[in-house]
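Residues per chain are reported as follows:
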Amino acid sequence: MGRVTVVAVALLLCGLLVVVHSGDPYLFFEWKVTYGTIAPLGVPQQGILINGQFPGPRINCTTNNNIVVNVFNDLDEPFLLTWYGIQQRKNSWNDGTPGTMCPIMPGTNMTYHFQVKDQIGSFFYYPTTALHKASGGFGSLQILSRALIPVPFDPPADDYSVLIGDWFNKGHKSLKKVLDSGRTLGMPDGIHINGKSAKVGDNVEPLFTMNGGNTYRYRVCNVGMKTSLNFRIQGHSLKLVEIEGSHTVQNLYGSLDVHVGQCLSVLVTANQEPKDYYMVVSSRFTKKALSTVGNVRYVNGKGPASPELPPPPPETATGIAWSVNQFRSFRWNLTASAARPNPQGSYHYGQINITRTIKLINSASHVDGKLRYSINGVSHVDSSTPLKLAEYFGVQDRVFTYDQVKDEPPSDDKAKVIMTPSVLNVTFRNFMEIIFENHEKSIQSYHLDGYSFFAVGIEPGRWTPEKRKNYNLIDAVSRSTIQVYPGSWAAILATFDNTGMWNLRSEIWQRFYLGQQLYISVLSPERSVRDEYNLPEDTRLCGIVEDLPKPPPYSM
């Protein structure tokens, strides 16, 4: 009876939201998060299921749809989901990170309300609490274009989600204990494709089927914990058409690097002999090579896949150069429409003056004998009060101090690491340049919630202002995740026009968990719903704001 009542309340609240988004359809989901037995690498272990599924249910929606997801937490720990790549315009209340929302406590439920405003493309969702991501709880989320918006390729015969990632046979609680003890996770045990793995010659059911002569869309996302991966399909070319919500110039590739947290779409034409072919996913830049295969079967095909797999790209320094060159070949399709009718290239980001530059350097160190990761010498620590709620209720001074991370990294690499909630204050509508510089020997991957940015440059060495002359200021891809190679830098440009509290984080999950993240606070000078939605009525409060009176709502 309790659940029916909560759902009824959620539906009532959604009815109130229709006033804001009237005319845009609503999609309703009810999800039950539980433990269950899974075996991605053939070893039975406790996994996190959504409605009994691993990976979780796929959300198929269309630009501007309103999504309502009622999540019941039947785990024994607090739980949150983030909607990776969804910009949550004016709505960081539903972003699903520990800095913006109180978690869903065991035995309770919470309803997410968000709109996929002015977005198309390939995304996914996953847990941001503890190490839950290591045991599942993730699934795909894809946004289709509205019927009247032209898409720069013919409709595919089918649209497949391909969630790839590294995997540990230890469960999330065991892995959390490893990190809490001050150690690293070490090498993963293997790689999965949609929660399954296989070796050449295994007799397994096909993951995907194709009819000869047809073209199919494969949406590939790296949902793993730490490992960059390479994706390829035996005997078939991959035509890149989309990266994280942007249509790209449609180049052909034999294989594609997909770094942790990144998503892309390729078109694959079934133009080979009708039989089975291997989809191959292999690790990149790891001491020990890991790989897995999955079957792609032609309908009415005859014969098994060839045991001769397409070779992986080179490794070591040569492999990094190969990967950098591939990144540079990704270009924004300037003439294609995305979520709106106007062409993507009508936004001339290269002609906007930069108002602020922030340079961020990642580092590893030990604090009290335990491993911590930091950005510019600050290692983020989650607060029992979500940072966004503390700021909204006007008690931020009791929870965090703004701008512990400075625009320039400390000159002393051995300066003492500060462990504190890390919040960077950014002026509303500033056009900013962020430089990520990686002095370590492992690849990094960063994601920014709430925004897409232009990935304008990646080069080896240290960044200096003179490097701006090498930026791509014409057709860099607008995306939300960027890799930074060892001993290299990456530069992004973005307009910070989305009010809220937004997580900038390492997607290497042990680094995220141990502090390599920060939040960016973007406040409008006017408390107006034109710039930010009011705190949802059903928002759960916790920490020091739990019993505080709510501030007056924003004005119209």
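A quick note: this is a predicted structure, and the numbers were derived from the prediction, not measured.

Asks: Got a sec to walk through empty space enclosed by the protein? Specific residues and values, please.
Replies: Tallying each qualifying case throughout the model produces 2 cavities of 30 Å³ or more. The space that makes up the largest cavity amounts to roughly 110 Å³. Forming the walls of the largest cavity are 13 residues, and the residues nearest its centre are Trp93, Met101, Met110, Thr539 and Arg540. A per-element tally of the lining of the largest cavity places strand S6 (residues 109–115) first, with 3 residues. Among the residues making up the lining of the largest cavity, the classes are represented as 6 nonpolar, 5 polar and 2 charged. Looking at the second largest cavity, its volume works out to about 50 Å³. Together, Asp257, His259, Gln262, Ser323, Gln326, Phe327, Phe330, Arg479, Gln483 and Tyr485 line the second largest cavity. Looking at the lining of the second largest cavity element by element, the count peaks at 3 residues for helix H3 (residues 316–329).

Asks: Before we move on, can you summarise the pattern of salt bridges with the specific residues and values?
Replies: Here the idea is simple: oppositely charged side chains can pair when their charged atoms come close. Considering all chains together, one arrives at 23 salt bridges under this definition. A salt bridge links lysine 173 to aspartate 76; the shortest N-O distance between them is 2.6 Å. A residue pair is termed long-range when its members are at least 10 positions apart, and lysine 173 in helix H2 (residues 172–180) and aspartate 76 in the loop between strand S4 (66–73) and strand S5 (81–84) qualify at 97 residues. A network of salt bridges, in which partner residues are shared, links Lys133, Asp449, Arg505 and Glu507.

Asks: Go over the layout of surface pockets, please, and point to the residues and values.
Replies: Taken as a whole, the second largest pocket encloses approximately 1,100 Å³ of empty space. Lining the second largest pocket are 40 residues, with Glu440, Lys441, Ser442, Ile443 and Arg511 positioned closest to its centre. If you list the elements that add at least two residues to the lining of the second largest pocket, you get H3, strand S21 (356–367), strand S22 (370–375) and helix H5 (509–513). At 5 residues, S21 tops the list of elements feeding residues into the lining of the second largest pocket. Residue composition of the lining of the second largest pocket, grouped by class: 15 nonpolar, 16 polar and 9 charged.

Asks: Can you break down the state of the cysteines residue by residue, with the values?
Replies: Throughout the structure, instances matching the rule amount to 2 disulfides. One disulfide bridge connects cysteine 102 with cysteine 542, the sulfur atoms lying 2.0 Å from each other. The S-S bond linking cysteine 102 to cysteine 542 shows a torsion near -95 degrees; that makes this disulfide left-handed. Of this pair, cysteine 102 sits in the loop between S5 and S6 while cysteine 542 sits in the segment after strand S34 (517–523); the two residues are 440 residues apart in sequence, bridging distant segments of the chain.

Asks: Mind laying out the packing of aromatic side chains, listing which residues take part and the relevant values?
Replies: All told, the structure shown has 33 aromatic pairs when counted by the stated rule. Judged by centre distance (5.6 Å) and plane angle (50 degrees), the ring pair of tryptophan 83 and tyrosine 125 falls under tilted. Separated by 42 residues along the polypeptide, tryptophan 83 in strand S5 and tyrosine 125 in strand S7 (residues 121–127) bring together distant segments of the chain. Feature note: the residues Phe29, Trp31, Trp83, Tyr112, Phe114 and Tyr125 constitute an aromatic cluster, connected by ring pairs. The residue whose ring lies beneath lysine 133 is tyrosine 126, and the NZ or CZ to ring-centre distance is 4.4 Å. Above the ring of tryptophan 93, the side-chain terminus of lysine 388 is found at 4.8 Å from the ring centroid.

Asks: How would you summarise the side chain of aspartate 475 if you had to cite specific residues and measurements?
Replies: The residue aspartate 475 is located in the loop between strand S29 (453–460) and strand S30 (478–479) in this model. Classification of aspartate 475 by relative accessible area gives buried; the value is 15%. Polar side-chain contacts of aspartate 475 include one of 2.9 Å to the side chain of asparagine 472. If we ignore the near neighbours within four places in the chain, the residues touching aspartate 475 are Phe330, Arg331, Trp332, Leu334 and Tyr349.

About the thresholds
Residues numbered from 1 in each chain as written. Predicted model: local features only at pLDDT ≥ 70, side-chain atom pairs only at ≥ 80, totals over all residues. Heavy atoms only, no water. 1 Å grid on protein atoms, 1.4 Å probe; cavity = no way out; pocket = protein on both sides within 12 Å on 5 of 7 lines; lining within 4 Å. Points joined across faces, edges and corners; volume = space filled by probe spheres on them. Helix = DSSP H or I, 4+ residues; strand = E, 2+ residues; numbered from the N terminus. Nonpolar A, V, L, I, M, F, W, Y, C, P; charged D, E, K, R; others polar. Salt bridge = Lys/Arg side-chain N within 4 Å of Asp/Glu carboxyl O. Disulfide = S-S within 2.5 Å. Phe/Tyr/Trp six-rings, centres within 6.5 Å; stacked < 30°, edge-to-face > 60°. Lys NZ or Arg CZ within 6 Å of the ring centre and 35° of its normal. Buried < 20%, exposed > 50% of the residue type's maximum accessible area, 1.4 Å probe, protein only. Polar contact = N/O pair within 3.5 Å; in protein donor to acceptor, adjacent residues only side chain to side chain. Contact = heavy atoms within 4.5 Å.

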